Amino acid sequence: MDFEAISKFVSHSDRVKCVDIHPVKPWILTSLHTGVVQIWNYETKTLVKAIQCSENSVRSAKFIPQKNWISTASDDRKVRIFDSESFNLIREFEAHSDFIRSIVIHPTLPYLISASDDKTIKVWDWENEWRLEQQFDGHEHYVMQMTINPYDTDVLISASLDKTLKIWKLGEEKEVGMLEGHHKGVNCVAFLGKSRIVSGSDDRSIRVWDYETKSCIESLEGSHQHNITFLSSFNDWIISGSEDNYVKIWNSKSLRLGKELNFEMGRVWCIGIEESGIISVGFDSGAVVLKI
């Protein structure tokens, strides 16, 4: 796998906590530890807009392309929605009782799903005045991240510092499955095709799970030298990032390391991937945009 660096954005922030890529426009959305959200044009390499949306860290921000909105979630426990053209604030509400770690946008339903240090996952319906549609309880520590099953969008998987991953189904109150095996907290999770799940942990391992049997089929121990902060998949590759400053690319079939990258921008926190092969990675001191 070859990468071409398109742009490097230095944010002068303590760190970039989340990145997202617009599916149509050449925009990268970055949310910062300083409470600022930025939109960059990666073709012109210019800052489109910066929004000071909170005095606290904004740990997650996502485009909602169905509505031309931008969504943010921060340590003040609030979700905020902005118009992506005017950048005006449309909606603001307190979604959790503790820091919000992650938000995902459902691909077909009018749902924003949030996960928090209050150990809950909540489903918000923007077509019904942002009504709380469902709440998932069951984790015993912070919920760090979630991902929606691309092959069955009623299903999502959460990663928690309680060392487990839990499988949930919209409309069902309790978990429908649990994956156990990590020795420390789990920070990230992604799907590998229809039948496999990959997760990354503070135990510095990457684990591959069979989705049907809920069993670990491979463990890459010591895959990084520090906590693993993100995982994603693209075609036949797994991409991982860590507080050891490295981004690593693994063959998803052989699970062998194909390439490792160090952009000398500090710890690696987040990744965004667009179907065309545009990748953005967030670091302590900014973000990089790459083209596969």
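Predicted model, so just to flag it, every value in this text is computed and none were measured.

**Thoughts on the nonpolar core**
A general tendency of soluble globular proteins is for nonpolar side chains to be buried together. Among the nonpolar cores identified, the biggest contains 15 residues, and Ile239, Val247, Phe263, Val281 and Phe283 are the most heavily contacted of them. Mapped onto this core, the elements with two or more residues apiece are strand 23 (237-242), strand 24 (247-251), strand 26 (268-273), strand 27 (278-283) and strand 28 (286-291). For Phe283, the residues in contact, after removing those within four places along its chain, are Arg15, Val16, Val247, Phe263, Met265, Gly266, Arg267, Val268, Trp269 and Val288. Counting 14 residues, the second-largest nonpolar core is a separate cluster that includes Val79, Phe93, Ala95 and Leu112.

**A word on the sheet that holds strand 19 (residues 196-201)**
Taken in spatial order, the 4 strands of this open sheet run 18-19-20-21, and their pairing is antiparallel. Only two strands of the sheet have a single neighbouring strand rather than two, namely strand 18 (186-192) and strand 21 (215-220). Here the average twist between neighbouring strands, direction ignored, is 25°. Bridge count between strand 19 and strand 20 (residues 206-210): 5 bridges; the pairing is antiparallel. Paired with Ser199 across the bridge in strand 20 is Arg207.

**With respect to the environment of Phe191**
Residue placement: Phe191 occurs in strand 18. For Phe191, a relative accessible area of 6% corresponds to the buried category. Once the C-alpha coordinates of Phe191 and Trp27 are considered, the two residues, 164 residues apart in sequence, prove to be 25 Å apart. Those residues within four positions of Phe191 in sequence are excluded, and the remaining contacts are Thr147, Ile148, Asn149, Pro150, Ile157, Arg196, Ile197, Tyr211 and Ser233.

**Points about the pattern of salt bridges**
Scanning all chains against the criterion turns up 14 salt bridges. In this structure, Arg59 engages Asp75 in a salt bridge whose closest nitrogen and oxygen atoms are separated by 2.6 Å. Of the two residues, Arg59 is situated in strand 6 (residues 58-64) and Asp75 in the loop between strand 7 (69-74) and strand 8 (78-83); the sequence distance between them amounts to 16 residues. Its salt-bridge partner being Glu221, residue Arg207 comes within 3.5 Å of it at the nearest N-O pair. With a gap of 14 residues between them, Arg207 in strand 20 and Glu221 in the loop between strand 21 and strand 22 (228-234) connect regions that are remote in the sequence. What makes Glu221 partly exposed here is its relative accessible area of 48%.

**Section: the UniProt feature "repeat: WD" (unreviewed entry) in the protein**
The feature "repeat: WD" (unreviewed entry), as annotated in UniProt, sits at residues 9-50, 93-125, 136-178, 179-219 and 221-251 in this numbering. With 0% helix and 61% strand, the stretch residues 179-219 has end C-alpha atoms that lie 13 Å from each other.

Calculation criteria
- Residues numbered from 1 in each chain as written.
- Predicted model: local features only at pLDDT ≥ 70, side-chain atom pairs only at ≥ 80, totals over all residues.
- Heavy atoms only, no water.
- Core = buried A, V, L, I, M, F, W, Y, C linked by side-chain atoms within 4.5 Å.
- Buried < 20%, exposed > 50% of the residue type's maximum accessible area, 1.4 Å probe, protein only.
- Helix = DSSP H or I, 4+ residues; strand = E, 2+ residues; numbered from the N terminus.
- Contact = heavy atoms within 4.5 Å.
- Pairing = 2+ DSSP bridges.
- Axes fitted to C-alpha atoms, helices over the stretch in contact; angles between N-to-C directions.
- Salt bridge = Lys/Arg side-chain N within 4 Å of Asp/Glu carboxyl O.
- UniProt positions renumbered as here; feature names shortened; annotations may be inferred.

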